[in-house]
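Given next are the chains, with one letter for each unit.
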Amino acid sequence: MLYLRKIPSLLSVLQQCKRYTVAIQELELINTNGNTIPGKTVTQNNKYIMYYFSASWCSGCKLLLPKIKSIYTESRNRQIPLEIIYISLDDNMEEMMKGFRNNHGNWFAIPFGSPVIEELRYRFEVAYVPFIAVLKNDGTIVTKNGKKEVEDLGINVLETWID
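Residues numbered from 1 in each chain as written. Predicted model: local features only at pLDDT ≥ 70, side-chain atom pairs only at ≥ 80, totals over all residues. Heavy atoms only, no water.

Asker: Looking at this model, I keep getting lost on the state of the cysteines. Mind explaining?
Answerer: Simply put, the disulfide is a covalent bond whose two ends are the sulfur atoms of two cysteines. With the rule as written, the count across this model stands at 1 disulfide. Paired by a disulfide, Cys58 and Cys61 hold their sulfur atoms 2.5 Å apart. On the sign convention where negative is left-handed, the bridge of Cys58 and Cys61, at about 85° about the S-S bond, is right-handed. (Disulfide = S-S within 2.5 Å.)

As structure tokens, then:
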């Protein structure tokens, strides 16, 4: 587990949250090709959303990624309505997109530099990466301890997340 290299002041985060309280459905997300997709399109047929906070410089994130890919593939095979939203804490867009294109699955990301990233970091109290939170598409939190659950259960974590 790596602690974040840059943690903004609490006041800064609170100001961002106040100014940018945006539901994921209202965002423009990107795919691994860099194309934008309305968040509503991504979430409308998915009951569960996994927020995956990560960074290309994070070795623990690289170790966790194969398990996340397996969970994503298994959810598709079992027709479980789960989508992953990648939230990059990289230092620049080039690092973010290179890691996203080369290492991630066929899921979506919040664009680099979006103020919503800080809002979500604050909302989920993200102090380290990798970090996983799973929510229902109505905003109900399923877990904020997803990293440990993925590490402990692998693809069987779907049994604990899905009702």
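Next comes the rest of the description.
Asker: How should I be thinking about the nonpolar core in this particular structure?
Answerer: Side chains that are nonpolar tend, in soluble globular proteins, to be buried together. In this structure, Met50, Tyr51, Tyr52, Phe53, Ile85, Ile110 and Phe124 are the most contacted members of the largest nonpolar core, which totals 49 residues. In this structure, Ile85 is in contact with Ile24, Leu29, Val42, Ile49, Met50, Tyr51, Tyr52, Phe108 and Ile110, ignoring residues within four places of it in sequence. (Core = buried A, V, L, I, M, F, W, Y, C linked by side-chain atoms within 4.5 Å. Buried < 20%, exposed > 50% of the residue type's maximum accessible area, 1.4 Å probe, protein only. Contact = heavy atoms within 4.5 Å.)

Asker: Just checking my understanding: could you explain the pattern of salt bridges for this structure?
Answerer: Considering all chains together, one arrives at 9 salt bridges under this definition. Measuring nitrogen to oxygen at the nearest pair gives 2.8 Å for the salt bridge that ties Glu83 to Arg76. Taking the relative accessible area as the measure of exposure, Glu83 reaches 3% and is therefore buried. Put simply, Asp152 and Lys148 hold a salt bridge, and the shortest N to O gap is 2.6 Å. Pair noted here: Asp152 and Lys148 are both in helix H6 (residues 146-153), with a separation of 4 residues, about one helical turn. Using a relative accessible area of 51% as the deciding quantity, one classes Asp152 as exposed. Overlapping salt bridges bring together Lys47, Lys136 and Asp163 as one network. (Salt bridge = Lys/Arg side-chain N within 4 Å of Asp/Glu carboxyl O. Helix = DSSP H or I, 4+ residues; strand = E, 2+ residues; numbered from the N terminus.)

Asker: Would you take a moment to explain H6 for this structure?
Answerer: Three or four residues apart is the spacing at which side chains of an α-helix point the same way, because the helix has 3.6 residues per turn. Residues of H6 that are buried: Gly146, Lys147 and Val150. Angularly, the buried residues of H6 cover 105° about the axis, an arc narrow enough to put them on a single face. Each element contacted by the buried residues of H6 is listed here: helix H3 (59-77), strand E7 (128-129), strand E8 (131-136), strand E9 (141-143) and helix H7 (157-161). One or two residues past the end of H6 sits Gly154, with phi positive at roughly 60°. (Arc of directions from axis to C-beta.)

Asker: Before we go on, may I ask you to explain the confidence of the model for the protein in this structure?
Answerer: Regions with low pLDDT carry predicted coordinates that are not meant to be interpreted in detail. Predicted confidence across the protein gives a mean pLDDT of 88, with 86% of residues reaching 70 or more. Per-element confidence in the protein is highest for H6, whose mean pLDDT is 98, and lowest for helix H1 (residues 10-19), whose mean pLDDT is 42. Note that pLDDT drops below 50 for residues 13-22; the model gives that stretch 14 contacts with residues more than four away or on any other chain. (pLDDT = per-residue confidence, 0-100.)

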